[in-house]
Amino acid sequence: MRYYTGYNREGEYEHYEVKEPMGLLDFLLANVPQSRSKIKATLQGRGIKVNGKTVSQFDFPLERGMKVAVSKTKRNQQSFKSRYVKIVYEDKWLIVVEKNTGILSMAAGHSSLNVKSVLDDYFKKSHQKCTAHVVHRLDRDTSGLMVYAKDMETEQILERHWHEIVYDRRYVAVVSGEMEQDGGTIENWLKDNKAYITYSSPVDNGGKLAITHYHVLDRRTDYSLVEFKLETGRKNQIRVHSADMGHPVCGDPKYGDGNDPLHRLCLHAWLLCFTHPVTGEPLEFETPVPTVFRQLFK
């Protein structure tokens, strides 16, 4: 099966490829992580497409190679509502979400708002016998795409083979000032000091090698819109490397220069592409550049 979920399309769909002939309902029950009643409701609500055409017939005959698209909108509206988290893709092994600013990836201290607890609550309410397993993290005030495993085995595959599995991961940021170069690569070593501030060194300081590629998308006198592609994924890597260039991420209280036009950390994880840890198929997800970022450059 190949799955692809994007944005700015008509609704949101999960995509499946038929491997062997069978009836539509049987196929959906075997492949879609929903209850029988929810699947039937999606069918009746005209939320199923076969080769691009809406089908509501339960026993519609499927043939090998056909493409089945299942609407996610109805399910998410009924069983999942959160101002901080949006479900982008889900199967029985993993879930991909877009998180908003102001929420942690996982718990830190008592009663902290975090994506893991939001997803665990969703799984419980939708009668799924699983919990969200953290695979990677985004800072509280960074928005964008994240993946969580639904079981320990999938989590371990993703964690152990993260750099081989993830083949493209990109962020977009508004940085302070007008970037001089159109693009380039920053490479140095990152290490935390005793105050948990990450600092860089041009030579090996006992920390971890960090490599970031950047490309300027737009620029003004006060700000630049920059895409960052991570070759390594270190703590605060983009924020430190931006500051190293003399153009820190806007709204960054830790490494910034006080330039805060949007009253938020202007960093968004917009692209996430990885090989499915179980099926081996490529999964590619993207979100648009936040509108508030774009408005600074009109």
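In this text, all values refer to a predicted model and were calculated from it rather than measured experimentally.

So, how was this worked out
Residues numbered from 1 in each chain as written. Predicted model: local features only at pLDDT ≥ 70, side-chain atom pairs only at ≥ 80, totals over all residues. Heavy atoms only, no water. pLDDT = per-residue confidence, 0-100. Contact = heavy atoms within 4.5 Å. Helix = DSSP H or I, 4+ residues; strand = E, 2+ residues; numbered from the N terminus. Buried < 20%, exposed > 50% of the residue type's maximum accessible area, 1.4 Å probe, protein only. Pairing = 2+ DSSP bridges. Axes fitted to C-alpha atoms, helices over the stretch in contact; angles between N-to-C directions.

Participant: Before we go on, may I ask you to explain the confidence of the model for the protein chain in this structure?
Facilitator: Keep in mind that low pLDDT regions are not for reading the predicted coordinates in detail. With 93% of its residues at a pLDDT of 70 or more, the protein chain has an overall mean of 89. Note that residues 1-11 has pLDDT below 50 and, in this model, 36 contacts with residues that lie over four places away or in other chains.

Participant: Looking at this structure, I do not really get unusual backbone geometry. What am I missing?
Facilitator: Negative phi is the rule for most residues except glycine; trans is the rule for most peptide bonds. One non-glycine residue, His127, lies in positive phi territory at about 60°. Within the element layout of this structure, His127 appears in the loop between helix H4 (115-125) and strand S10 (133-134). A relative accessible area of 70% places His127 in the exposed class. Here the phi dihedral of Tyr196 falls at roughly 65°; this positive angle occurs in a residue that is not glycine. Following the sequence through the fold, Tyr196 ends up in the loop between strand S13 (183-192) and strand S14 (198-201). Judged by its relative accessible area of 58%, Tyr196 falls in the exposed class.

Participant: Would you mind going over the sheet that holds strand S2 (residues 13-17) with me for this structure?
Facilitator: Read from one edge to the other, the open sheet built from 4 strands follows the order S2-S7-S4-S5, with strand pairing classed as antiparallel. Of all the strands in the sheet, just S2 and strand S5 (53-54) have a single pairing partner and so form its edges. In this sheet, strand S7 (residues 67-71) lies alongside S2 in antiparallel orientation, the contact comprising 5 bridges. Bridged to His15 within S7 is Ala69. Running over the sheet, helix H1 (residues 24-31) touches S2, strand S4 (48-50) and S7 and is turned about 65° from S7.

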